[in-house]
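Coordinate inspection notes
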Amino acid sequence: MSDEEHQFESKADAGASKTFPQQAGTIRKNGYIVIKNRPCKVVEVSTSKTGKHGHAKCHFVGIDIFTAKKLEDIVPSSHNCDVPHVSRTDYQLIDISEDGFVSLLTESGGTKDDLKLPSDEALMKQMQDGFNEGKDLIVSVMSAMGEEQICTVKDIGGGSK
């Protein structure tokens, strides 16, 4: 055996998968599931009894977490479904550019400039109005399966105007 040290190069995402398998029968309401390659929040689950051909079936109704579209899927309850890794991160809003991109302050003090304003009109108006009034805004960014989108805005007080 050799006594030399081994150096491993670390990567930011460590090669982690965007989804993980979970048995369909264990997925519950308010959980997450991948339907038609889209990350969805489960809003309704119903399970049918086993028929003469064997498997009980789970009927999932989910809302796409980025587009808010309703999607449905039926899967045998003993089979595995893909469940997305969903994370939510808070950032402080620094700037809104004229081309619709936002500049956000990360916890480490860097900036994140690759997100567009949300497509939801009310949320976009709330962000622009708060920013124009000089308020300190915290935005929550939901990320799953390589996509990111601003989902909520909070006013933490302050304001210079």
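Let me sum up the structure you'll find in this document. (Residues numbered from 1 in each chain as written. Predicted model: local features only at pLDDT ≥ 70, side-chain atom pairs only at ≥ 80, totals over all residues. Heavy atoms only, no water.)

Spatially, four strands are ordered S2-S3-S4-S5 in an open sheet, and the strand pairing comes out antiparallel. The two strands at the open ends of the sheet, each matched to only one other strand, are strand S2 (32-35) and strand S5 (70-76). Pairs of neighbouring strands in the sheet enclose a mean axial angle of 45 degrees, with direction left out of account. Inspection of the sheet shows S2 paired to strand S3 (residues 38-47) by four bridges, in the antiparallel sense. By the bridge assignment, tyrosine 32 is partnered in S3 with lysine 41. (Pairing = 2+ DSSP bridges. Helix = DSSP H or I, 4+ residues; strand = E, 2+ residues; numbered from the N terminus. Axes fitted to C-alpha atoms, helices over the stretch in contact; angles between N-to-C directions.)

Attention now goes to the side chain of serine 103. Along the polypeptide, serine 103 turns up in strand S8 (residues 101-105). A residue is classified by how much of its surface remains accessible, and serine 103, at 14% relative accessible area, is buried. Discounting residues that sit within four places of it in the chain, serine 103 has contacts with Gln92, Leu93, Ile94, Asp95, Thr111, Lys112 and Asp113. (Buried < 20%, exposed > 50% of the residue type's maximum accessible area, 1.4 Å probe, protein only. Contact = heavy atoms within 4.5 Å.)

To continue, consider the sheet that holds strand S9 (residues 111-116). Across the sheet, five strands lie side by side as S9-S8-S7-S10-S11; this open sheet has antiparallel pairing. Two strands close off the open sheet at either side, each with one partner strand: S9 and strand S11 (147-155). With direction set aside, neighbouring strand axes in the sheet form an average angle of 45 degrees. Note: S8 against S9, four bridges, orientation antiparallel. Looking at the pairing, valine 102 lines up with leucine 115 of S9.

Taken as a whole, this structure holds eight salt bridges when the rule is applied. Among the ionic pairs, glutamate 147 bridges to arginine 38, the shortest N-O distance being 2.5 Å. Pair noted here: glutamate 147 is in strand S11 and arginine 38 is in strand S3, with a separation of 109 residues, a long-range link. On the basis of relative accessible area, arginine 38 is assigned to the partly exposed category, the value being 22%. Between aspartate 129 and lysine 125 there is a salt bridge; the shortest N-O distance is 2.8 Å. Linking aspartate 129 with lysine 125, this pair stays in helix H1 (residues 121-132), spanning four residues, or about one helical turn. Overall, the relative accessible area of 32% leaves aspartate 129 in the partly exposed class. Put simply, Arg38, Asp64 and Glu147 are held in one network by salt bridges that share partners. (Salt bridge = Lys/Arg side-chain N within 4 Å of Asp/Glu carboxyl O.)

Core analysis: the largest hydrophobic core is formed by 15 residues, its most contacted members being Leu93, Val102, Leu104, Met127, Val139, Val141 and Ile150. Only strand S7 (86-96), S8, H1, strand S10 (137-144) and S11 provide two or more residues apiece to this core. Discounting residues that sit within four places of it in the chain, methionine 127 has contacts with Leu93, Ile96, Val102, Leu117, Pro118, Leu137, Val139, Ile150 and Val153. With 12 residues, the next largest nonpolar core counts Ala24, Leu71, Val75 and Cys81 among its residues. (Core = buried A, V, L, I, M, F, W, Y, C linked by side-chain atoms within 4.5 Å.)

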